[in-house]
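Residues per chain, in single letters:
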Amino acid sequence: MTETDETRPESGAEPAPARPAGTRRSRVRLLMRYAPLVAPVLLWAVPCVVLLHTGQGWPLAVTLLGTALFVAGLVGMPIAMVRGHGRRQQDRAAIVGATLLGGIWVLFTWSVLLTLLLRPLLAVAGVGDGQDRARIVTWAALAAAGGLLVWGFVEARRVPRVRRVEVPLARLGAGLDGTRVVLITDTHYGPLDRARWSERVCEKVNSLEADLVCHTGDIADGTAERRRAQALPLGTVRATRARVYVTGNHEYYSEAQGWVDLMAELGWEPLRNRHLLLERGGDTLVVAGVDDVTAESSGLDGHRAHLAGALSGTDPEHPVLLLAHQPTFVDRAAAGGVDLQLSGHTHGGQIWPFHYLVRLDQPAVAGLSRHGARTQLYTSRGTGFWGPPFRVFAPSEITLLVLRATG
């Protein structure tokens with residue numbers, strides 16, 4: 001493994017390729033603008049109405065108590081989120097707010113789905129009267145949400161299963177055929193202490209005997225100083241060639257340079273718009289990385305996504321493996337002749353059916369996809385979880401990518 005000098009040109013950041021003026025980006029901007037105001041009300045009000053006020057005929061005490069609980073959630077969730085993620089940075093409040101968010105998202109989803117699907121089926125089947133059917137839907141929604149949240153909590157907390165993917169690369173030399181690349185990403189060490197979980201993840205990674213181990217960002221929610229104990233096991237990760245890391249958007253909420261410094265201290269190579277060369281059997285693979293696309297707006301000196309800088313001095317005939325936190329960077333990667341981009345960020349949606357909203361903003365949600373004539377993108381569902389401690393129909397993963405020469 002040979003290393004290049006870090007490239008930081010004096011000129012401005014590399015311009016992104018022009019995007020077509022489509023409706024998808026406009027929808028995303030509108031959602032991001034108004035969602036923080038409208039979404040909490042909808043999330044709590046809709047299940048309240050559907051489960052308590054659509055013909056169930058509950059005793060008055062039940063209706064009043066249930067409504068009071070929904071109102072308390074509507075008021076309490078934003079307060080907990082602000083206390084947890086604002087200036088106070090209270091971990092207990094963050095846990096409460098995130099758990100309420102995940103719980104009400106699941107209850108909202110299943111109360112709506114079962115109202116739209118189960119209630120008409122019960123009517124067609126002639127089951128009970130209107131009150132009976134309304135009550136069946138309520139109990140079914142509560143049971144489905146409760147069961148999925150228990151299962152989702154177990155899924156979020158377990159050590160991820162290994163997902164093995166063979167990736168053919170036309171320009172990969174025969175000497176590098178079979179190169180083993182392990183990808184972890186979006187570990188999101190945070191308010192819930194997962195130091196032991198972190199140790200077990202690293203043990204699983206070491207069992208894969210990787211040539212190259214990659215972390216594509218979002219290490220934690222919080223500063224390096226605050227989450228250091230959870231991140232320290234990353235220093236035990238082994239690779240025969242190198243361990244490489246790029247920043248994610250969450251690093252830029254939590255003093256990104258501190259995370260870059262800590263990862264270097266733990267023996268990882270932060271690929272901040274630079275590259276390494278992996279050489280074997282007379283063949284070469286360029287392993288490059290860029291800062292997250294949100295880096296430049298962070299105001300941190302020298303932080304920006306700069307693909308030309310990352311590839312400066314490389315032989316254009318050599319295949320390129322690029323680490324970029326967000327799949328959306330693949331447009332630039334394809335324009336720059338990258339062979340394979342590794343990304344995270346999406347969590348695979350984390351809690352179904354949130355992946356439909358993720359897809360509005362990203363070109364891929366999970367798995368291997370092709371973009372242009374040469375470029376492939378692998379998007380991991382993530383190794384940890386963000387916020388709500390649940391994963392529903394979006395399992396976490398440690399990815400083993402085996403590179404195959406096809407030329």
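Only a predicted model underlies this, so the values are computations on that prediction, with no experimental measurement involved.

## Quick notes on the overall build of the protein chain
Right, on to step 1. Assigned secondary structure in the protein chain consists of 10 helices and 13 strands.
Right, on to step 2. Relative to the 2.2 N^0.38 estimate, which gives 22 Å for 407 residues, the radius of gyration of the protein chain is 23 Å and therefore close to what a compact globule would have.
Right, on to step 3. Along the first, second and third principal axes, the C-alpha atoms of the protein chain reach 75 × 45 × 45 Å.
Right, on to step 4. For the protein chain, the distance from the average position of its 42 positive side-chain charges to the average position of its 37 negative side-chain charges is 9 Å.

## Quick notes on the side chain of Glu 251
Right, on to step 1. Inspection of the secondary structure puts Glu 251 in the loop between β5 (242-245) and α7 (256-265).
Right, on to step 2. Lacking a salt bridge, the buried Glu 251 has Arg 272 as its closest oppositely charged neighbour, with an N-O distance of 10 Å.
Right, on to step 3. With residues near it in sequence (within four places) discarded, Glu 251 still touches Gly 217, Asp 218, Ile 219, Tyr 245, Val 246, Ala 256 and Trp 259.

## Regarding the packing of aromatic side chains
Right, on to step 1. Following the criterion strictly, the structure yields 8 aromatic pairs and no others.
Right, on to step 2. On the basis of an interplanar angle of 75° and a centroid distance of 6.3 Å, the ring pair of Trp 44 and Phe 70 is categorised as edge-to-face. Taken as a pair, Trp 44 in helix α1 (residues 23-52) and Phe 70 in helix α2 (residues 60-85) lie far apart in primary sequence, 26 residues in all. For the pair Trp 44 and Phe 70, one class covers both residues: buried.
Right, on to step 3. Relative to Phe 354, the ring of Trp 105 lies with its centre 5.7 Å away and its plane at 80°, an arrangement referred to as edge-to-face. One end of the pair, Trp 105, is in helix α3 (residues 91-124); the other, Phe 354, is in the loop between β10 (340-343) and α10 (355-361), and 249 residues separate them in sequence.

## Digging into the sheet that holds β5
Right, on to step 1. A sheet is described by the order of its strands in space; here 6 strands give the open sequence β2-β13-β3-β4-β5-β6, paired in mixed fashion. Where the open sheet ends on each side, the last strands, each with one partner, are β2 (161-169) and β6 (269-270).
Right, on to step 2. The pairing of β5 with β6 spans 2 bridges and is classified as parallel. Its bridge partner lying in β6, Val 244 is registered against Glu 269.

## Quick word on helix α5 (residues 195-206)
In an α-helix, one turn spans 3.6 residues; hence positions three or four apart end up facing the same way.
Right, on to step 1. Here α5 spans 17 Å end to end across 12 residues, near enough to the 16 Å set by a 1.5 Å rise per residue.
Right, on to step 2. Those residues of α5 lying buried are Trp 197, Ser 198, Val 201, Cys 202, Val 205 and Asn 206.
Right, on to step 3. Residues of α5 that are buried sit in contact with α4 (130-157), β3 (179-184), β4 (212-215), α6 (228-231) and β13 (397-405).

## As for the environment of Gly 367
Right, on to step 1. Within the fold, Gly 367 resides in strand β11 (residues 367-371).
Right, on to step 2. Along the chain, Gly 367 and Arg 163 lie 204 residues apart, while their C-alpha atoms are 9.9 Å from each other.
Right, on to step 3. Those residues in contact with Gly 367 that sit more than four places away from it in its chain are Arg 163, Leu 377, Tyr 378 and Thr 379.

## Focus on the confidence of the model for the protein chain
Right, on to step 1. Summarising the model, the protein chain shows a mean pLDDT of 92, and 91% of its residues fall at 70 or more.
Right, on to step 2. Segment residues 2-21: pLDDT under 50, and 34 contacts once partners within four positions in sequence are set aside and those in other chains are kept.

## Describing the nonpolar core
Right, on to step 1. In this structure, Val 182, Val 205, Ile 219, Leu 234, Trp 259 and Trp 268 are the most contacted members of the largest nonpolar core, which totals 27 residues.
Right, on to step 2. Elements that contribute at least two residues to this core include exactly β3, α5, α7 and β13.
Right, on to step 3. Residues within four places of Val 205 in sequence aside, it is in contact with Val 182, Ile 184, Val 213, Val 237 and Ile 398.

## Observations concerning empty space enclosed by the protein
Empty space among the atoms becomes visible once a probe the size of a water molecule is rolled across them.
Right, on to step 1. One pass over the structure, following the stated rule, counts 1 cavity of 30 Å³ or more.
Right, on to step 2. Here the largest cavity defines a volume of roughly 140 Å³.
Right, on to step 3. Around the largest cavity sit 15 residues that line it, and Ala 98, Pro 191, Leu 192, Phe 385 and Gly 387 are the ones nearest its centre.
Right, on to step 4. The element contributing the most residues to the lining of the largest cavity is α3, with 4 residues.
Right, on to step 5. Of the residues belonging to the lining of the largest cavity, the class tally is 8 nonpolar, 5 polar and 2 charged.

## Concerning the pairing of β3
Right, on to step 1. Counting buried positions along β3 gives 5 out of 6 residues, so the element sits mostly inside the fold.
Right, on to step 2. Strand direction decides the pairing type here: β3 and β13, joined by 5 bridges, are antiparallel. The residue bridging Val 181 from the neighbouring strand is Leu 401, located in β13.
Right, on to step 3. In the sheet, β3 pairs with β4 via 4 bridges, with the strands oriented parallel. Following the sheet pairing, Val 182 is matched in β4 by Val 213.
Right, on to step 4. Of the crossover connections in this fold, the one passing from β3 over α5 to the parallel β4 is right-handed.

Here is what the cut-offs are and how they apply
- Residues numbered from 1 in each chain as written.
- Predicted model: local features only at pLDDT ≥ 70, side-chain atom pairs only at ≥ 80, totals over all residues.
- Heavy atoms only, no water.
- Helix = DSSP H or I, 4+ residues; strand = E, 2+ residues; numbered from the N terminus.
- Rg over C-alpha atoms; globule rule 2.2 N^0.38 Å.
- Lys, Arg positive; Asp, Glu negative; His and termini not counted.
- Charge placed at Lys NZ, Arg CZ, Asp CG, Glu CD.
- Buried < 20%, exposed > 50% of the residue type's maximum accessible area, 1.4 Å probe, protein only.
- Salt bridge = Lys/Arg side-chain N within 4 Å of Asp/Glu carboxyl O.
- Contact = heavy atoms within 4.5 Å.
- Phe/Tyr/Trp six-rings, centres within 6.5 Å; stacked < 30°, edge-to-face > 60°.
- Pairing = 2+ DSSP bridges.
- Expected span 1.5 Å × (residues − 1).
- pLDDT = per-residue confidence, 0-100.
- Core = buried A, V, L, I, M, F, W, Y, C linked by side-chain atoms within 4.5 Å.
- 1 Å grid on protein atoms, 1.4 Å probe; cavity = no way out; pocket = protein on both sides within 12 Å on 5 of 7 lines; lining within 4 Å.
- Points joined across faces, edges and corners; volume = space filled by probe spheres on them.
- Nonpolar A, V, L, I, M, F, W, Y, C, P; charged D, E, K, R; others polar.
- Right-handed = clockwise from strand over helix to strand, strands pointing away.

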